[in-house]
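Below are the chains, spelled out letter by letter.
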Amino acid sequence: MSQGRHEVSIANSSEDEGDDDSQILGRRIWRIFPYVRPYRRRAVVGISTNMLARVFDLVPFIFIGFAVDFYSGHSKSGGRLGDLRAFLDENLLIHLSDDQAVSYGILIFLGFAGLAIFQGISDYCWQTLGYKVQHDLRLDATQSLIRMEASYYDLRQTGVLMSVLSSDVNQLEDVISDSSTSIIRIFTTFITAFVILMMMSWKLTAVLFGPLVLIFPMVYLFSTRVQRKYRKQRESTGGINAVLENVISGIAVVQAYNAQEWEISRVSSESEEYRDEAIGASRDRNRFIPGLYGVAGVVYGLLVSVGGWLMKEGDISTGAFVTFLLIMTRLSMPLFIFGMLVNQLQRGEAAARRVFAMVDLEPSIVDKEDATALEGPIDNIEFRDVHFTYPGTETPVLNGISFTVGQGGFLGVMGHTGAGKSTILKLILRYYEPDSGEVLVNGHNIQNLTLDSVREQMGFVNQDPFLFYGSIRDNVIYSREANEEEVESALRLSGAEEFVTSMEDGVDTLVGDRGVMLSGGQRARISLARAMLKAPSLLILDEASSALDAETERQIQSNLLGTGGSRTTIAVAHRLSTIRNADEILSMVDGAVVERGTHDTLVNNNGVYSSQWAIQTGALGEE
Ligand code: ADP
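This section reports on the structure supplied with the text. (Residues numbered from 1 in each chain as written. Predicted model: local features only at pLDDT ≥ 70, side-chain atom pairs only at ≥ 80, totals over all residues. Heavy atoms only, no water.)

## Regarding the overall build of the protein chain
For step 1, the next point in the chain: Of regular secondary structure, the protein chain possesses 19 helices and 10 strands.
For step 2, the next point in the chain: Its C-alpha radius of gyration of 36 Å places the protein chain more than 25% over the 25 Å reference for a compact globule of 623 residues.
For step 3, the next point in the chain: Taken across its 623 residues, the protein chain has 48% of its residues classed as buried.
For step 4, the next point in the chain: Approximately 30,000 Å² of the protein chain is accessible, and the part contributed by carbon and sulfur atoms is 56%.
For step 5, the next point in the chain: Within the protein chain, one finds 53 positive and 76 negative side-chain charges whose respective centroids are separated by 8 Å. (Helix = DSSP H or I, 4+ residues; strand = E, 2+ residues; numbered from the N terminus. Rg over C-alpha atoms; globule rule 2.2 N^0.38 Å. Buried < 20%, exposed > 50% of the residue type's maximum accessible area, 1.4 Å probe, protein only. Areas by Shrake-Rupley, 256 points an atom, 1.4 Å probe, with all protein chains shown as cover. Lys, Arg positive; Asp, Glu negative; His and termini not counted. Charge placed at Lys NZ, Arg CZ, Asp CG, Glu CD.)

## Some points on the sheet that holds strand β2 (residues 396–406)
For step 1, the next point in the chain: Strand order in the open sheet formed by 4 strands is β2-β1-β4-β5, with antiparallel pairing between adjacent strands. Pairing within the sheet leaves two strands with one partner each, and these edge strands are β2 and β5 (444–445).
For step 2, the next point in the chain: Here 8 bridges tie strand β1 (residues 380–389) to β2, and the two strands are oriented antiparallel to one another. Bridge pairing in β2 links I381 to V405. (Pairing = 2+ DSSP bridges.)

## Quick look at the sheet that holds strand β6 (residues 458–461)
For step 1, the next point in the chain: One open sheet holds the 6 strands; their spatial order is β6-β7-β8-β3-β9-β10, and the pairing between them is mixed. The two strands at the open ends of the sheet, each matched to only one other strand, are β6 and β10 (592–597). If you compare each strand with its neighbour and ignore which way they point, the axes differ by 15° on average.
For step 2, the next point in the chain: Note: strand β3 (residues 410–415) against strand β9 (residues 584–589), 5 bridges, orientation parallel. Looking at β9, one finds that M414 is bridged to S587.
For step 3, the next point in the chain: The sheet contacts of helix α11 (residues 421–428) involve β3, β6, β7 (538–542), β8 (568–572) and β9, and relative to β7 the element is tilted by about 150°.
For step 4, the next point in the chain: This element, helix α16 (residues 520–533), spans β6 and β7 of the sheet and lies at about 175° to β6. (Axes fitted to C-alpha atoms, helices over the stretch in contact; angles between N-to-C directions. Contact = heavy atoms within 4.5 Å.)

## Quick notes on the side chain of N442
For step 1, the next point in the chain: Along the chain, N442 falls in the loop between β4 (436–441) and β5.
For step 2, the next point in the chain: A polar contact is formed between the side chain of N442 and the backbone oxygen of P377, at a distance of 3.0 Å.
For step 3, the next point in the chain: Setting aside anything within four residues of it in sequence, one finds N442 in contact with L374, E375, P377, I378, D379 and N380. (Polar contact = N/O pair within 3.5 Å; in protein donor to acceptor, adjacent residues only side chain to side chain.)

## Let's talk about unusual backbone geometry
For step 1, the next point in the chain: Within the chain, R430 stands out as a residue other than glycine whose phi angle is a positive 60°.
For step 2, the next point in the chain: Tracing the backbone shows R430 in the loop between α11 and β4.
For step 3, the next point in the chain: The class for R430 is buried, based on a relative accessible area of 4%.
For step 4, the next point in the chain: You will see that R514, though not glycine, has its phi angle at about 60°, which is positive.
For step 5, the next point in the chain: Examined against the element boundaries, R514 turns out to sit in the loop between α15 (497–502) and α16.
For step 6, the next point in the chain: A residue is classified by how much of its surface remains accessible, and R514, at 35% relative accessible area, is partly exposed.

## Quick word on the pairing of β3
For step 1, the next point in the chain: Within β3, 6 of the 6 residues are buried, leaving the element largely enclosed by the surrounding structure.
For step 2, the next point in the chain: In terms of strand pairing, β3 meets β8 through 4 bridges, oriented parallel. Residue pairing in the sheet places L411 in a bridge with I570 of β8.

## Notes on the site of the ligand
For step 1, the next point in the chain: Taken together, 14 residues are adjacent to the ligand, and D154, G418, K421, S422 and T423 come closest.
For step 2, the next point in the chain: Contacts to the ligand include D154, whose side-chain N or O atom sits 2.9 Å from a nitrogen atom.
For step 3, the next point in the chain: Calculation on the ligand without its partners gives an accessible area of 560 Å², and the protein chains cover 65% of this total.
For step 4, the next point in the chain: Looking at the shell around the ligand residue by residue, the class counts come to 4 nonpolar, 7 polar and 3 charged. (Near = heavy atom within 4 Å. Nonpolar A, V, L, I, M, F, W, Y, C, P; charged D, E, K, R; others polar.)

This is how it looks when you write it as structure tokens:
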């Protein structure tokens, strides 16, 4: 079988061992862009309002400076800002209020109002953009995942897949709603501050921006260091999810074997790993952040002295000095944001690697380009010398299986556990494809037919029937939309009517997660009703009645026979009475058919079948 691209994808977390640990923006994260494109108007509004908000965040500081100059009697403010003040004084302020002090107050208020409005619009745009992209991504990843063939799932843990669809997709939402705004925030704040300060005094600008050249690389170095710890932390999340998923779905076994302590210790060791990585990251972060404050303190102290000195020398006005001090305080925040941003982007890159690996999944069992749809019902199934080995394993499971079953026919398959019986059914359902040989449906190789058209004709009942959380009706109509009578008739056929009507809520009874609120035999019957509602032309039963008592089974069989008509049935059964009436019975040993024929022929054959029959009828006799 050809292996799809998924072989190099999210098999396990070790694939996170990555190449672009040290880059702020890795390769994969850019793939978010096509997801943003449909919402580009929102993004453009988000970017522009975010930039405006940052400008409005700083502009009041200029007015505060002007106000200070006004109160302290400075006729001119520093540098080219003085021109701005003169312009405002002459053109605007006189219109705002008779009192210039009040006018400055109004101007400052307007600055804040601008900040409030633009910040609100920007946050709304970015957050909603994040949620929209998150939804689209999750859907895309799920669509790819859900089409994958059985062998993909065989090799993977549910918990790990779940954490890609939850934590990783959420991480990418963070990148959009948080990181993008941080990038814009940092750039706009610095550029606006730079422009304002340059207008006031180039000396002030040099004093403030000089040390930043040193601080940014420091923040960057630190962030890449913590990143490794964050990555391990994320991997541990997948591990915890995988263990928890196992414990919860196997809770009955856990409790029956008093394995609670052992399971807790497993969760504990995964959780400890997470905790220790998180503590490590926190230790680094909290060593660094006070360091950053320390450096900021030194720089600020210096700046205040230099600024004060410039003011004393008459280079700048008192108001300009105040503006400078206020802007300075606004620049420390972006520094801390920058540290977080680097981390967030790197975590985003790791998440993008996993999410897009899932989005890119290509099933290897797909319709060929020239595949044709199966016309009409299935009237013939044939295996021609089919050999099969499960992907990722060495031992062949089917060694040259051949049989034919025609319209209305009944093929029974028996044999010891592990003989390969269910595998035959899985090949008919095309969950897997043979290594060699052919599976033919109505004379066509199944691989040349479209998957949907073939499966459309099949009804399948598993030995461990899976019911979805919901009501009995929900589970029956899973195979197709149907009205009340059709549901009832399917339940009657499958021998479920009696117990369903005796339940207080009838078909509306909730079955619990995976159907845990029903007995094994009840689940089997609901699952059979689901298959029968579809009126399949091929009914595939894998130990479908093993959970039923012999009498119920006999009754259901006679129901099914009564409505059988042209329906073809292939049934795997351990209890031979189930397949006693088959037109042909295959008796399997180690992936090969060792005997075949009708019940009567096989009973007289003195082989595996007849000895099994003897044991089972003997056992029945004792009953
Ligand atoms: P039977 O239905 O006769 O009990 P199966 O067809 O289920 O046996 O399994 C045949 C063999 O294939 C067994 O040895 C089993 O371990 C192996 N097998 C079944 N399913 C898988 C799988 N998904 N991946 C690998 N090996 C499998």
